[in-house]
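The residues making up each chain are set out below.
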Amino acid sequence: MARTKIALIGAGMIGGTLAHLAAKKEMGDIVLFDIAEGMPQGKALDLSQCGPIEGFDAKITGTNDYADIAGADVVIVTAGVPRKPGMSRDDLLGINLKVMKAVGEGIKNNCPDAFVICITNPLDAMVWALREFSGLPHNKVVGMAGVLDSARFATFLAWEFGVSVRDVNAFVLGGHGDTMVPVLSYSTINGIPVKDMAKIKGVSESRLDEIVDRTRKGGGEIVGLLGNGSAYYAPATSAIAMAEAYLGDQKRILPCASYVEGKYGLDGLYVGVPTMIGAGGTEDVIEIELSDEERGNLKVSTDAVEELLEACKGLDESLA
Ligand code: A3D
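Residues numbered from 1 in each chain as written. Predicted model: local features only at pLDDT ≥ 70, side-chain atom pairs only at ≥ 80, totals over all residues. Heavy atoms only, no water.

You'll find the protein chain entered in an unreviewed UniProt entry as Malate dehydrogenase, with Erythrobacter litoralis given as the organism. We quote the UniProt Sequence similarities (unreviewed entry) comment for the protein chain here in full: "Belongs to the LDH/MDH superfamily. MDH type 3 family." (UniProt positions renumbered as here; feature names shortened; annotations may be inferred.)

Rendered as structure tokens:
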């Protein structure tokens, strides 16, 4: 039986971390692709030399040639540039849109049967564009954001209540970024609704609002502290959980940027929703009941995503 092949497009901070995690978990053989010459090869060599110490057998290779991702079962995309000082949102969009075009074509020509997880920002627009450029079915292209955002939410809730993170089930919806919608009504501490737990523990509503706000700005907080670059450990771990759900046909319900048509009043948009991931890729989107306020917040978030898609269409007419 052929070994599972995992292609990582972008061998930067997240790409390298993904390779290390996938190797440690022996998820399959790993190909690190990047346009930077030597860098993916160097990282692959370095990571390969972890094998004898950590005891994994994964074959890790670095490449600048898309032909080497041929037949990949899973592709995780982190290729792109980060926003730099002085760069407008549209400048960033224009650059990363071109990257998605190249990556989409590389996937289409070499591994059209893969399950593709996009991480590149601005996430909800880039996953949509990557799907358009690759031509893969919508259920095989998904964005990673909600697993990370809900992990951030869960971390802050666990700290606030002084409980194990393992018992916190935190729920977020919507686009990735400041408009994301952390949903307190569906967040629990081992089944106990967070709002009930707050009453039991004497945590005020305004304190919960602060936690929601910190979750929304979770990425920016880390960017500010690092001074250079953005989060990479937790983003990589999040994408690995999604890849494992697919490879193991786990039917996990994870918050992912999935293609939504018909549910949540949406008509063909990638946005963060509870999604079942199994061997069929994104097999189902679960539509939950929302309060008027949550529905309103989701609308603000999806409007922001739609605005980005319009900007993409303006930048590349093949998307219009
Ligand atoms: P970084 O370390 O800069 O790695 C990006 C890599 O992409 C670099 O090695 C580049 O050489 C490479 N690259 C650029 N253009 C191309 C191309 N055309 N083809 C192949 N490779 C290319 O960044 P990172 O790994 O820290 O982050 C990667 C992306 O993830 C960025 O867009 C971040 O904004 C995004 N990100 C998203 C989240 C989400 O939750 C959605 C969280 C953290 C980071």
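Having seen the structure, we can now continue with the description.
A.B. asks: Teacher, can you tell me more about the overall build of the protein chain here?
C.D. replies: Along the protein chain, the regular secondary structure elements total eleven helices and 14 strands. A compact globule built from 320 residues would reach a C-alpha radius of gyration of about 20 Å, and the protein chain, at 19 Å, matches this within 12%. Projected onto its principal axes, the C-alpha positions of the protein chain cover 55 × 50 × 40 Å. A buried classification covers 50% of the 320 residues belonging to the protein chain. (Helix = DSSP H or I, 4+ residues; strand = E, 2+ residues; numbered from the N terminus. Rg over C-alpha atoms; globule rule 2.2 N^0.38 Å. Buried < 20%, exposed > 50% of the residue type's maximum accessible area, 1.4 Å probe, protein only.)

A.B. asks: Mind showing me how you'd approach the environment of Val-142 here?
C.D. replies: Relative to the helices and strands, Val-142 is located in strand S6 (residues 141-143). Given the relative accessible area of 0%, Val-142 is considered buried. Once the C-alpha coordinates of Val-142 and Trp-128 are considered, the two residues, 14 residues apart in sequence, prove to be 8.5 Å apart.

A.B. asks: Looking at this model, I keep getting lost on the nonpolar core. Mind explaining?
C.D. replies: When a protein is soluble and globular, its nonpolar side chains tend to lie buried together. Formed by 51 residues in total, the largest nonpolar core has its most connected members in Ile-9, Val-75, Val-77, Ile-107, Val-116, Leu-173 and Tyr-264. The dominant element in this core, judged by the number of residues it contributes, is helix H5 (residues 123-134), at eight residues. Three or more residues apiece are contributed to this core by two domains, here domain 1 (5-144) and domain 2 (146-313). Dropping the residues within four chain positions of it, Leu-173 is found in contact with Met-180, Val-181, Val-183, Tyr-264, Gly-272, Val-273, Pro-274, Ile-288, Leu-290 and Leu-298. Core analysis: the next-biggest nonpolar cluster, separate from the first, contains 36 residues, Ile-60, Phe-115, Val-142 and Ala-239 among them. (Core = buried A, V, L, I, M, F, W, Y, C linked by side-chain atoms within 4.5 Å. Domains from an automatic or database assignment. Contact = heavy atoms within 4.5 Å.)

A.B. asks: Is there a simple way to explain the environment of Asp-73 in this structure?
C.D. replies: With respect to the element layout, Asp-73 can be found in the loop between strand S3 (60-63) and strand S4 (74-77). Taking relative accessible area as the criterion, Asp-73 reaches 29% and is therefore assigned partly exposed. Once residues within four sequence positions are removed from consideration, Asp-73 is found in contact with Arg-3, Thr-4, Lys-5, Ala-114, Phe-115, Tyr-246 and Leu-247. Engagement of the side chain of Asp-73 in a polar contact is seen with the backbone nitrogen of Lys-5, the distance being 2.7 Å. (Polar contact = N/O pair within 3.5 Å; in protein donor to acceptor, adjacent residues only side chain to side chain.)

A.B. asks: Explain the pattern of salt bridges to me, please; I cannot follow it from the model alone.
C.D. replies: Here the structure, examined in full by the defined rule, presents 15 salt bridges. With a shortest N-O distance of 3.2 Å, Glu-244 and Lys-25 are connected by a salt bridge. Residue Glu-244 is located in helix H10 (residues 233-247), and its partner Lys-25 is located in the loop between helix H1 (13-24) and strand S2 (29-33); the two are separated by 219 residues in the primary sequence. On the basis of relative accessibility, which here comes to 44%, the residue Lys-25 falls in the partly exposed class. Two residues, Arg-152 and Asp-149, come together in a salt bridge whose shortest N-O distance is 3.9 Å. (Salt bridge = Lys/Arg side-chain N within 4 Å of Asp/Glu carboxyl O.)

A.B. asks: So what exactly am I meant to see when it comes to the packing of aromatic side chains here?
C.D. replies: Pairs of aromatic rings are described using the distance from one ring centre to the other and the angle between the two planes. For the structure shown, the criterion picks out six aromatic pairs. Ring centres of Phe-33 and Tyr-66 lie 4.0 Å apart, and the angle between their planes is 25°; this geometry places the pair in the stacked category. Placement of Phe-33 in strand S2 and of Tyr-66 in the loop between S3 and S4 is noted, with a sequence separation of 33 residues between them. Between Tyr-232 and Tyr-233, the ring centres sit 4.6 Å apart and the planes meet at 35°, which makes this aromatic pair tilted. (Phe/Tyr/Trp six-rings, centres within 6.5 Å; stacked < 30°, edge-to-face > 60°.)

A.B. asks: Is there a simple way to explain the domain arrangement of the protein chain in this structure?
C.D. replies: The extent of an interface is frequently quoted as the accessible surface area lost upon association of the parts. What the domain assignment lists for the protein chain is domain 1 (5-144) and domain 2 (146-313). Taken over C-alpha atoms, the centre of domain 1 sits 23 Å from the centre of domain 2. With 35 residues of domain 1 in contact, the opposing surface of domain 2 contributes 37 residues. Between domain 1 and domain 2 lies a buried interface of about 3000 Å² when both sides are counted; carbon and sulfur atoms form 76% of it. Area buried by domain 1 at its contact with domain 2 is led by Asp-124, Trp-128 and Met-144, which between them contribute 24% of it. Inspection of the region where domain 1 meets domain 2 yields seven residue pairs in polar contact (both at pLDDT 80 or more). When residues in the side of domain 1 that touches domain 2 are grouped by element, the largest group, seven residues, is from H5. Split into classes, the residues belonging to the side of domain 1 that touches domain 2 amount to 22 nonpolar, five polar and eight charged. (Buried area = accessible area lost by both parts, 1.4 Å probe. Nonpolar A, V, L, I, M, F, W, Y, C, P; charged D, E, K, R; others polar.)

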